[in-house]
Amino acid sequence: MGLLGTLNIAASGMTAERMWMDTISSNIANANTTSTADGTPFRRQLVVLAERAGAGGMGGVHVSGVVDDMSELRRVYEPSHPDADADGYVAYPNVNVVTEMVDLIAASRAYEANVTAFEAAKAAYMRTLSLLQV
Amino acid sequence: MDILAKDITFSLLAKSLEGLALRQQAVAQNLANVNTPGYRRKDVLFEDVLQAALAEPKSREETMRTIQSTRFEVVQESALYFRNDRGGVDLDREAAELAKTTLRINAVLNLLGKRIALYKQAMNEGGV
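Source: prediction; values computed, not measured.

K.L.:
Can you break down the pattern of salt bridges residue by residue, with the values?
P.N.:
Residue and element names in this part refer to chain B. Summed over all chains, the structure comprises 16 salt bridges over all chains. Measuring nitrogen to oxygen at the nearest pair gives 3.6 Å for the salt bridge that ties Arg 41 to Asp 43. Taken individually, Arg 41 and Asp 43 each receive the classification buried, so the pair is uniform in this respect. Each of Arg 23, Arg 41, Asp 43, Glu 47, Glu 77, Arg 93, Glu 94 and Arg 104 takes part in salt bridges that share partners, so that together they form one network.

K.L.:
Give me a nonpolar patch on the surface: which residues, what numbers.
P.N.:
All names here are of chain A. Judged by side-chain polarity, Leu 4, Tyr 125, Met 126, Leu 129 and Leu 132 come together as a nonpolar surface patch covering roughly 490 Å² of accessible area. With 3 residues, helix H2 (residues 97-130) is the single largest residue contributor to the nonpolar patch. Checked against the element boundaries, Leu 132 lands in the segment after H2.

K.L.:
Report on helix H3 (residues 60-69) of chain B, specifying residues and quantitative values.
P.N.:
All names here are of chain B. Among the residues making up H3, those that are buried are Thr 63, Met 64, Thr 66 and Ile 67. Buried residues of H3 fall within an arc of 160° about the axis and therefore sit on the same side. Exposed and facing more than 90 degrees away from the buried side of H3 are Arg 65 and Ser 69. Residues of H3 that are buried make contact with helix H1 (8-32) and helix H2 (47-53).

Calculation rules
Residues numbered from 1 in each chain as written. Chains lettered and ligands numbered in written order. Predicted model: local features only at pLDDT ≥ 70, side-chain atom pairs only at ≥ 80, totals over all residues. Heavy atoms only, no water. Salt bridge = Lys/Arg side-chain N within 4 Å of Asp/Glu carboxyl O. Buried < 20%, exposed > 50% of the residue type's maximum accessible area, 1.4 Å probe, protein only. Patch = residues over 30% accessible without salt bridge, like charges linked within 9 Å, V, L, I, M, F, W, Y side chains within 5 Å. Areas by Shrake-Rupley, 256 points an atom, 1.4 Å probe, with all protein chains shown as cover. Helix = DSSP H or I, 4+ residues; strand = E, 2+ residues; numbered from the N terminus. Arc of directions from axis to C-beta. Contact = heavy atoms within 4.5 Å.

Structure follows, in structure tokens:
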């Protein structure tokens, strides 16, 4: 357990933060998507992170869900747009690219922090192993 | 007969390594949950536990038993939070904790290595 458990915890953090970064990329890529597969405009997606209780209450973190941000869509007057409604307004996604960039920085810093924890645990493990060397 | 079973220094170092490894795990858990809303940071109190176990002078056998039966517990810090989403992890503090723990693990491992080298020397009748 001990040091190897630390590697699993750090890895779970890296997985969760990368999942968040994937979602942010998807939000930015679809910042102007007015029509998704079911015909509705794209909605910003949020990841929900939750603590995972493993052995001794320490099992890292996991993504408990990816949910749609139900805040208001951006309405723009564009009567000639194929997705315009009867009044000539097009509903654009509720994605704010600046918010996404800020989230991206937070996610990437958190990812780096997990990498540091991983490296520290690995170095300690390697040093312990080297005690066995004659 | 069993030399290591009587070596208080050796088992004390091994026990602190166990405590430090558990603390490193707690720091990793905190770092993994740096973006989890409502998470409260975890810590391991092991110096106090170990010191309390060795507070009064005892016989060698009893000291060994106390060291070996010492268990470390993971504690959760109170409702301190640093963020609007009530996340309880301060990234800078955890970075400092991780650095401290790593340095101390290195110190303990160095001491354990020296101890093992002593035994090796004794086995070689003082030669190299």
